[in-house]
Amino acid sequence: MKFHRIAALLSRHLYLYKRSFPRVMEIIYWPFVDLVIWGFITLYLERFKGTMPSFVTFFLGALILWDVLFRAQQGITISFLEEVWSRNLMNLFASPLKPSEFLAATMLLSIAKVVTVSFVTVLVALFFYSFNVFLLGLSLVPFIVNLIVTGWCIGVLTTGLIMRYGQEVEVLAWGLVFLFQPISCVFYPMSVLPEWLRAIAWMNPAAHVFEGMRRVITTGGFPVQDLLWSMGLNALYLAALIFWFHRMFAVCKEKGLLVRVGE
Amino acid sequence: MAEAVVQVQNLTKCFGTFTAVDGISFEIREGEILGLLGPNGAGKTTTIHMLLGVITPTSGAIRVFGLPFDQHRETILNQVNFSSTYVSLPQALTVEENLRVAAGLYGLDRVSERIDDIVTRLEMQEFRSKLTRRLSSGQMTRLSLAKAFLSEPKVLFLDEPTASLDPDIAAKTRAMIQEIRRTTRMTVLYTSHNMREMEEMSDRIIFLQRGRIIAEGTADAIKAECGETDLEEVFLKFAREPEAPVHER
Ligand SMILES: Nc1ncnc2c1ncn2[C@@H]1O[C@H](COP(=O)(O)OP(=O)(O)OP(=O)(O)O)[C@@H](O)[C@H]1O
Ligand SMILES: [Mg+2]
């Protein structure tokens with residue numbers, strides 16, 4: 001891996017965002033709207049409080065964390081789509097750039113997006129609902145890192161599929177991640193799922209993060225087990241998916257798809 | 001004789017059951033400009049894409065600088081570049097930004113200096129800070145050429161580089177390629193549907209049809225073999241008589 005090539009890709013995207021108001025809005029708009037709606041729902045539910053500990057923390061915390069995963073995924077997939085839309089893949093991959101360097105650049109971009117979005121959502125939550133996400137404690141940091149990695153996994157998966165099957169499956173960029181939402185147990189504990197679905201959710205690293213988050217809120221302790229589970233699963237999936245992505249890349253070069261995507 | 005910088009042996013590309021490139025072999029020597037000629041769909045672009053590693057050959061071997069391509073992709077591509085009228089750079093970036101990104105991809109030093117130099121040589125000053133999407137198609141082609149020259153490649157693949165250029169800029173581009181070749185011994189593979197340009201530019205021509213090499217040699221040699229005085233006549237003769245190889249290799 002050569003950092004100058006990764007830096008070149010990063011600069012290419014920064015140039016893009018520097019000038020594109022819609023692209024910047026895209027990062028800020030959805031989390032903002034989401035948070036406002038869920039914030040008011042939460043305030044409404046608060047009126048019936050007593051039956052459950054702190055609605056605000058549960059829902060807003062969950063929402064902010066889900067957005068971390070979602071943005072991390074988008075960071076990868078949208079960066080790839082930008083290259084498809086501008087038919088730039090040929091320029092990139094006829095240069096010494098390697099697919100691994102490409103993925104590394106998109107991962108760094110996704111971190112940048114997550115940080116930007118989190119900044120917005122945290123501020124909004126603070127101003128509108130006096131909800132300070134940091135009250136959840138610094139113990140959340142390793143969980144956030146895990147959510148980013150899960151987002152990368154889904155991002156690499158969607159990117160590989162779009163690269164291989166073309167623009168017809170472009171909707172996956174926005175859609176596939178939501179297939180993971182119900183089994184990520186974002187807003188409810190894993191125990192509400194039917195048994196068969198619980199088994200599937202168990203294999204989802206994000207579910208362990210959200211379980212862990214709830215444990216932090218309710219018990220205040222640090223849920224080591226949840227963290228270990230999500231780390232283990234994430235490492236496994238990320239390694240497998242990066243391997244799979246390289247396979248897809250090779251298939252695309254065999255079929256001559258790399259020079260055709262975007263047409 | 002100068003040594004072969006690009007060596008292609010029995011190169012074949014099948015897309016499913018369709019054979020786009022059918023067992024071609026050729027060499028390009030250092031400092032040589034080789035013209036790849038042939039009707040639409042002959043396999044010229046596919047050949048260039050294989051030489052750039054964006055399409056994997058079905059069989060056959062590619063060596064550049066004596067190195068097998070698959071094992072030395074990074075080393076080779078660092079010293080190779082390409083330009084094609086049909087491959088544009090990101091439209092939402094300015095000309096200069098696109099050149100800066102390219103400089104990063106090829107790990108170049110003295111970036112500003114190089115960009116100033118190439119922008120002057122290709123007379124791109126007046127649209128240097130324009131958005132790429134605002135350029136005319138000829139200006140875009142010049143940007144694509146600038147990107148290719150920027151890294152001072154040892155090997156350059158040009159796929160119909162002058163297709164959208166006005167006669168003045170086309171002539172200047174040809175002169176520039178010739179000049180760079182003379183001063184740096186750059187090796188060039190060139191495709192064009194402009195026969196006069198082909199004759200003017202190429203030290204040697206390979207005529208491709210249906211993925212096969214059906215003629216090879218200097219423009220004069222090929223014309224003589226066909227008993228024609230004009231390369232255009234040769235082209236029409238080959239293109240209209242599908243199975244008429246001049247000589248088997
Ligand atoms: N990815 C692909 N999948 C299937 N067939 C392909 C693919 N790429 C090229 N082909 C086919 O291979 C053949 C050679 O195409 P190529 O683009 O190399 O021709 P060319 O010589 O560059 O023609 P032109 O002068 O029109 O540019 C064509 O018949 C084309 O349809
Ligand atoms: Mg072509």
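Parameters and conventions
- Residues numbered from 1 in each chain as written.
- Chains lettered and ligands numbered in written order.
- Predicted model: local features only at pLDDT ≥ 70, side-chain atom pairs only at ≥ 80, totals over all residues.
- Heavy atoms only, no water.
- Helix = DSSP H or I, 4+ residues; strand = E, 2+ residues; numbered from the N terminus.
- Rg over C-alpha atoms; globule rule 2.2 N^0.38 Å.
- Contact = heavy atoms within 4.5 Å.
- Areas by Shrake-Rupley, 256 points an atom, 1.4 Å probe, with all protein chains shown as cover.
- pLDDT = per-residue confidence, 0-100.
- Near = heavy atom within 4 Å.
- Polar contact = N/O pair within 3.5 Å; in protein donor to acceptor, adjacent residues only side chain to side chain.
- Nonpolar A, V, L, I, M, F, W, Y, C, P; charged D, E, K, R; others polar.
- Core = buried A, V, L, I, M, F, W, Y, C linked by side-chain atoms within 4.5 Å.
- Buried < 20%, exposed > 50% of the residue type's maximum accessible area, 1.4 Å probe, protein only.
- Domains from an automatic or database assignment.
- Buried area = accessible area lost by both parts, 1.4 Å probe.
- Salt bridge = Lys/Arg side-chain N within 4 Å of Asp/Glu carboxyl O.
- Pairing = 2+ DSSP bridges.
- Axes fitted to C-alpha atoms, helices over the stretch in contact; angles between N-to-C directions.

With that settled, the discussion passes to the overall build of chain B. What chain B contains, in helices and strands, is 9 helices and 10 strands. A compact globule built from 249 residues should have a C-alpha radius of gyration of about 18 Å, and chain B, at 18 Å, falls within 12% of that. Judged by the C-alpha coordinates and their principal axes, chain B covers about 50 × 40 × 40 Å. Partitioning the intrachain contacts of chain B with sequence separation of at least 6 by distance along the chain shows that 68% fall at a separation of at least 24. Per element, the accessible surface of chain B, about 10,500 Å² overall, is 46% carbon and sulfur.

We now examine the confidence of the model for chain B. In this model, chain B carries an average pLDDT of 92, and 96% of its residues clear a pLDDT of 70 or more. The complex prediction reports pTM at 0.92, with the ipTM value standing at 0.92.

By nearness alone, 16 residues border ligand 1, and B:Gly41, B:Lys44, B:Thr45, B:Thr46 and B:His193 come closest of all. Each of chains A and B places residues near ligand 1. At 2.9 Å, a side-chain N or O of B:Asn40 approaches an oxygen atom of ligand 1. Contacts to ligand 1 include B:Ala42, whose backbone N or O atom sits 3.1 Å from an oxygen atom. Considering ligand 1 on its own, with 640 Å² of exposed area, one finds that the protein chains cover 73% of that surface. Listed by contribution, the elements that provide at least two residues to the shell around ligand 1 are β2 (18–29) and α1 (44–51) of chain B. Ranked by residues supplied to the shell around ligand 1, first place goes to α1(B) with 3 residues. Considered class by class, the residues forming the shell around ligand 1 number 5 nonpolar, 7 polar and 4 charged.

The next thing to look at is the nonpolar core. Counting 143 residues, the largest nonpolar core has A:Phe93, B:Phe26, B:Leu52, B:Leu99, B:Ile118, B:Phe149 and B:Phe157 as the members making the most contacts within it. The element best represented in this core is helix α3 (residues 55–85) of chain A, accounting for 12 residues. Both of domain 1 (1–77 + 154–161 + 187–249) and domain 2 (80–152) of chain B provide at least three residues apiece to this core. Residue contacts for B:Ile118: discarding those within four places in its chain leaves B:Leu99, B:Ala146, B:Phe149, B:Leu150 and B:Met176. The next biggest cluster of nonpolar side chains, apart from the first, holds 12 residues, and it includes A:Leu35, A:Leu60, A:Val124 and A:Tyr129.

On to the side chain of A:Ser95, then. Its location among the elements puts A:Ser95 in the loop between α4 (89–93) and α5 (99–129). Given a relative accessible area of 0%, A:Ser95 falls into the buried group.

A few words now on the interface of chain A and chain B. Accessible area lost during the coming together of the parts is what is often quoted as the interface size. With 29 residues of chain A at the interface, the matching set in chain B holds 29 residues. Taking both partners together, chain A and chain B bury about 2,600 Å²; carbon and sulfur atoms supply 60% of that area. Where chain A meets chain B, there are 5 salt bridges. Between A:Lys98 and B:Glu74 there is a salt bridge, with its nearest N and O atoms 3.0 Å apart. Breaking the side of chain A that touches chain B down by element, the ones donating at least two residues are α1 (3–19), α4 and α10 (224–255) of chain A. It is α1(A) that contributes the most residues to the side of chain A that touches chain B, 9 residues altogether.

This part takes up the domain arrangement of chain B. All names here are of chain B. Domain boundaries assigned for chain B yield domain 1 (1–77 + 154–161 + 187–249) and domain 2 (80–152). When each unit is reduced to the centre of its C-alpha atoms, the spacing between domain 1 and domain 2 is 26 Å. Every contact between the two is made by 11 residues of domain 1 and, on the other side, 13 residues of domain 2. Buried surface at the junction of domain 1 and domain 2, summed over both partners, amounts to about 1,000 Å²; 56% is from carbon and sulfur atoms. Between domain 1 and domain 2 we count 0 salt bridges in total. The tally of links from domain 1 across to domain 2 stands at 9 residue pairs in polar contact (both at pLDDT 80 or more). Breaking the side of domain 1 that touches domain 2 down by element, the ones donating at least two residues are α2 (73–78) and β7 (155–159).

The next thing to look at is the sheet that holds β2(B). Residue and element names in this part refer to chain B. Taken in spatial order, the 4 strands make up an open sheet running β2-β1-β4-β5, and their pairing is antiparallel. The two strands at the open ends of the sheet, each matched to only one other strand, are β2 and β5 (67–68). When strand β4 (residues 59–64) meets β5, the two strands line up antiparallel, connected through 2 bridges. Among the inter-strand pairings, Arg-63 is bridged to a residue of β5, identified as Pro-68. Taken strand by strand, α1 contacts β1 (4–15), β2 and β4, and its axis lies near 120° from that of β1.

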